[in-house]
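# An overview of the molecular structure
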Amino acid sequence: MSPFAEYAISALLLFGGVFTLIGAIGLARLPDFYTRLHGPTKATTVGVGAIMLSSVIYFTAIGEGIGISEVLITVFLFMTAPVSANMLAKAAMHIGVKTMEGTEGKPWEQ
Amino acid sequence: MFDRLSFPQPWLSLILFITWQILSDGVSGGSVVLGLILAWIIPQITHGFWPERPAFVKTWRMPGYILRVLKDIVVASFSVAWLILSPRTPRPAFISYPLTLDHPLAISILASTISLTPGTVSADVSDDNQTLLIHALDAGSDQEVIDAIYNSYEKPLMEMFK
């Protein structure tokens with residue numbers, strides 16, 4: 001493997017790791033349910049994307065063909081993450097989870 | 001009788017077939033057979049859940065849209081990451097977003113895009129498909145968020161689903 005590929009892979013892994021960590025910190029630090037919803041669906045999108053890219057570069061560099069399956073994993077994740085976030089938000093509104101002070105607007109009653 | 005043997009959604013079937021070939025690590029006799037079975041049975045089972053097909057979809061605009069969304073995801077991630085790490089408390093808001101799109105598929109693409117881009121989650125669609133409830137993590141003002149979403153996502157989608 002060329003040194004360039006190694007640097008690229010390491011950089012992407014670090015980048016992805018940092019973003020996933022920030023997502024986890026957000027989950028612990030943000031004040032209420034709705035704001036915490038942003039942590040996992042957000043920072044993780046970029047985190048997983050970067051880790052996936054490094055995996056594609058790795059398997060391409062060691063000569064096992066271009067890793068399409070990793071791209072597929074990301075596509076599945078991008079398709080399912082919004083749905084689960086939406087379901088969580090709907091469930092929270094349904095049982096009336098409290099919002100933090102200073103939240104503008106209100107969830108619906110439907 | 002022959003209804004049951006047809007492919008009601010050829011594109012969906014094709015995508016399922018190709019996806020299965022990629023997932024099963026190389027094309028072989030077995031993967032082709034199973035791929036065909038899946039490409040036939042999944043559209044049959046899920047047929048009732050699909051919204052009606054839009055009259056005309058400009059599919060060739062899709063790659064440009066996806067690239068723009070990916071760029072926005074990366075850019076906005078940094079601001080959300082910064083917000084999480086900075087000591088100030090965020091200013092969250094529930095925003096009612098007035099939809100101009102009317103096709104269910106277009107609305108669900110818009111809602112997914114909003115959820116994927118950092119800083120906003122789409123929480124609910126009103127029963128009449130007129131309003132989208134968005135939770136924003138850190139909103140300056142409602143109108144700002146609404147304008148940003150309208151210009152960068154809804155407009156291109158409207159052109160795609162005309």
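Residues numbered from 1 in each chain as written. Chains lettered and ligands numbered in written order. Predicted model: local features only at pLDDT ≥ 70, side-chain atom pairs only at ≥ 80, totals over all residues. Heavy atoms only, no water.

### Some points on the domain arrangement of chain B
Along its sequence, chain B is organised into domain 1 (2-49) and domain 2 (59-161). If you average the C-alpha positions of domain 1 of chain B and of domain 2 of chain B, the two centres end up 32 Å apart. (Domains from an automatic or database assignment.)

### Considering the packing of aromatic side chains
Considering all chains together, one arrives at seven aromatic pairs over all chains under this definition. Pairing phenylalanine 15 of chain A with phenylalanine 78 of chain B gives two aromatic rings, centres 5.9 Å apart and planes at 45°, and the pair type is tilted. You can see phenylalanine 15 of chain A sitting in helix α1 (residues 3-29) and its partner phenylalanine 78 of chain B sitting in helix α3 (residues 62-85), one on each of two chains. A relative accessible area of 43% places phenylalanine 78 of chain B in the partly exposed class. On the basis of an interplanar angle of 90° and a centroid distance of 5.3 Å, the ring pair of phenylalanine 19 of chain A and phenylalanine 78 of chain B is categorised as edge-to-face. Residue phenylalanine 19 of chain A is found in helix α1, and its partner phenylalanine 78 of chain B is found in helix α3; the two belong to separate chains. Among the aromatic residues, ring-to-ring pairing joins Phe15 and Phe19 of chain A together with Phe78 of chain B into one connected group. (Phe/Tyr/Trp six-rings, centres within 6.5 Å; stacked < 30°, edge-to-face > 60°. Helix = DSSP H or I, 4+ residues; strand = E, 2+ residues; numbered from the N terminus. Buried < 20%, exposed > 50% of the residue type's maximum accessible area, 1.4 Å probe, protein only.)

### Some points on the interface of chain B and chain A
Across the boundary between the two partners, chain B contributes 42 residues, which contact 37 residues of chain A. Buried area between chain B and chain A, both sides added, is near 3200 Å², and the carbon and sulfur share of it is 73%. The closest approach of N and O atoms between aspartate 124 of chain B and lysine 90 of chain A, which form a salt bridge, is 3.4 Å. Our enumeration of links across chain B and chain A arrives at five residue pairs in polar contact (both at pLDDT 80 or more). Of all the elements in the fold, those that place two or more residues in the side of chain B that touches chain A are α1 (10-23), α3, β1 (93-98), α4 (104-116), β2 (120-125) and β3 (131-136) of chain B. Among the elements that make up the side of chain B that touches chain A, the one with the highest residue count is α3 of chain B (nine residues). (Contact = heavy atoms within 4.5 Å. Buried area = accessible area lost by both parts, 1.4 Å probe. Salt bridge = Lys/Arg side-chain N within 4 Å of Asp/Glu carboxyl O. Polar contact = N/O pair within 3.5 Å; in protein donor to acceptor, adjacent residues only side chain to side chain.)

### As for the pattern of salt bridges
Residues and elements named next belong to chain B. With the rule as written, the count across this model stands at three salt bridges over all chains. The salt bridge partner of aspartate 72 is lysine 71, with a shortest N-O separation of 3.9 Å. With a relative accessible area of 17%, aspartate 72 lands in the buried category. Judged by relative accessible area, lysine 71 falls into the exposed class, the value being 52%.

### Considerations on α1 of chain B
Under the 1.5 Å per step criterion, the end-to-end length of α1 of chain B is 20 Å for 14 residues, consistent within 8% with the ideal 20 Å. Listing the buried residues of α1 of chain B in full gives Leu12, Ser13, Thr19 and Gln21 of chain B. Residues of α1 of chain B that are buried make contact with α4 (68-95) of chain A together with α2 (29-46) of chain B. With its phi angle positive at about 60°, aspartate 25 of chain B sits one or two positions after the end of α1 of chain B. (Expected span 1.5 Å × (residues − 1).)

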